[in-house]
Amino acid sequence: MTLIMGVLNVTPDSFSDGGRWASTDAAIEHGLLLHAQGADLIDVGGESTRPGAARVSPEQEQRRIIPVVTELARQGLRLSIDTFNSATARAAATAGASVINDVSGGLADPGMGAVAAETGLTYVAMHWRAHAQQMDTLADYGDVVTDVIAELRTRVDALTRAGVGRERIVLDPGLGFSKKTEHNWQLLARLDAFAELGLPVMVGASRKRFLAGVLPNGAALPDRDLPTAVVSVLAAQAGAWAVRVHDVAATRTALNVLASVQRSTPHRAQGLPHSAVRPSQWTHD
Ligand code: PMM
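These numbers come from a predicted model, not from an experiment.

**Overview of the side chain of Lys-208**
- Here Lys-208 lies in the loop between strand 7 (202–203) and helix 7 (225–237).
- Of the buried charged residues, Lys-208 lacks a salt bridge, with Asp-172 as the closest side chain of opposite charge at 6.5 Å.
- Engagement of the side chain of Lys-208 in a polar contact is seen with the backbone oxygen of Gly-204, the distance being 2.8 Å.

Here is the structure:
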């Protein structure tokens, strides 16, 4: 069953929920709510990665997130820490986090591989090309799926050389990071291609700009939660290990629908090719 990673951004400027959970108490309360709504993991971040966002120092990042991680871990929640700073990852591991979610896949901080190896935590390596201020200028690909897989393979090689066990690595195509709208859809369409890397894959589509294209003009940010939940189902059907979402309740409901259908699927019908249910074959009264 695909895990739900609930987003808890403890930042004043994150692109979709910035500022709302900026105080420690409010962040803890929101983390508990996400857990109650069905999140398997709470992903705590202290530095916004939205396009153009300003950098914060690792010290400031830790001041924001470590008290939140400490308290949520004390209450028994499983936590992931959204950081590309090795010092922050180490501090979060000490505070009780189970997963390092590094959007740079180890590229932003050369010390990250060693910390991932030393802490033994699960390590998410996302496809990434540059920090927020430059990332939109680097969205050039031949075939985006082939190129992202090749770049992730290089990251896996570097991480394993640094001592990170392969069995601890999760990959992420990095939707919205140095990706144009069409690249995000192409990656979602061919998630199964990532199977060639032989590692679990997670997907973070939640509220991202490319989803605006399926909504009416002028739709508000929370309107992206419905397409996000649909993407969660598609990712789960493709076998994703986890989906990272802001609206945990919606994705929990959507994944419950999928689980109910899967439970009710007669064995012989499993693996029905999609072509057998093409809309063009439906008959109309
Ligand atoms: N996206 C954001 C932040 N962290 N982590 C992973 N693994 N995958 C993602 O796609 C991802 C991430 C940016 O979104 P936010 O500003 O809403 O947190």
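**Structural notes on the site of the ligand**
- Among the 18 residues in the neighbourhood of the ligand, the closest are listed as Asp-82, Asn-101, Asp-172, Lys-208 and Arg-244.
- His-246 has a polar side-chain atom sitting 2.9 Å from an oxygen atom of the ligand.
- Here the ligand has 410 Å² of accessible area as a free molecule, and 98% of this is covered by the chains.
- The set of elements that each furnish at least two residues to the shell around the ligand consists of strand 1 (3–9) and strand 5 (122–126).
- A class-by-class count of the residues in the shell around the ligand yields seven nonpolar, seven polar and four charged.

**With respect to the packing of aromatic side chains**
- A full pass over the atoms with the stated rule returns two aromatic pairs.
- A ring pair is formed by Phe-84 and Trp-128, whose centres lie 6.3 Å apart and whose planes are at 55°; its orientation type is tilted. Pair noted here: Phe-84 is in the loop between strand 3 (79–82) and helix 3 (86–95) and Trp-128 is in the loop between strand 5 and helix 5 (144–161), with a separation of 44 residues, a long-range link. Each of the two residues, Phe-84 as well as Trp-128, counts as buried.
- Relative to Phe-210, the ring of Trp-185 lies with its centre 4.9 Å away and its plane at 80°, an arrangement referred to as edge-to-face. Within this pair, whereas Trp-185 is found in helix 6 (residues 181–189), its partner Phe-210 is found in the loop between strand 7 and helix 7, the two being separated by 25 residues in sequence.

Parameters and conventions
Residues take numbers from 1 onward in each chain, read along the sequence in its written order. Residues qualify for local features only when their pLDDT is at least 70, as the model is predicted, and side-chain atom pairs are given and counted only at 80 or more; totals for whole chains, interfaces and linings, by contrast, use all residues. Where side-chain values are given, they derive from all heavy atoms of the structure, hydrogens and water being excluded. Helix and strand labels come from DSSP, where a helix needs a run of H or I of at least four residues and a strand needs a run of E of at least two; each type is numbered from the N terminus. Summary of the burial criterion: residues with accessible area below 20% of their type's maximum are buried, those above 50% are exposed, and those between are partly exposed, where the area comes from a 1.4 Å probe applied to protein chains only. Counted as positive: Lys and Arg. Counted as negative: Asp and Glu, with His and the chain ends omitted from the count. Note on definitions: salt bridges are taken to be side-chain nitrogens of Lys or Arg within 4 Å of carboxyl oxygens of Asp or Glu. By the criterion applied in these results, polar contacts are pairs of N or O atoms within 3.5 Å in which, for protein atoms, one can donate a hydrogen and the other can accept it, and in which residues neighboring in sequence qualify only through two side-chain atoms. For each residue, the test is whether any non-hydrogen atom lies within 4 Å of the molecule or strand; if one does, the residue is near. Each accessible area is a Shrake-Rupley estimate made with a 1.4 Å probe; only the visible protein chains count as cover when residues are assessed. When residues are grouped by polarity, Ala, Val, Leu, Ile, Met, Phe, Trp, Tyr, Cys and Pro land in nonpolar, Asp, Glu, Lys and Arg in charged, and all others, Gly among them, in polar. The pairing test for Phe, Tyr and Trp rings, Trp by its six-membered ring, is centres within 6.5 Å, and the orientation test on the planes gives stacked under 30 degrees, edge-to-face over 60, and tilted for anything in between.

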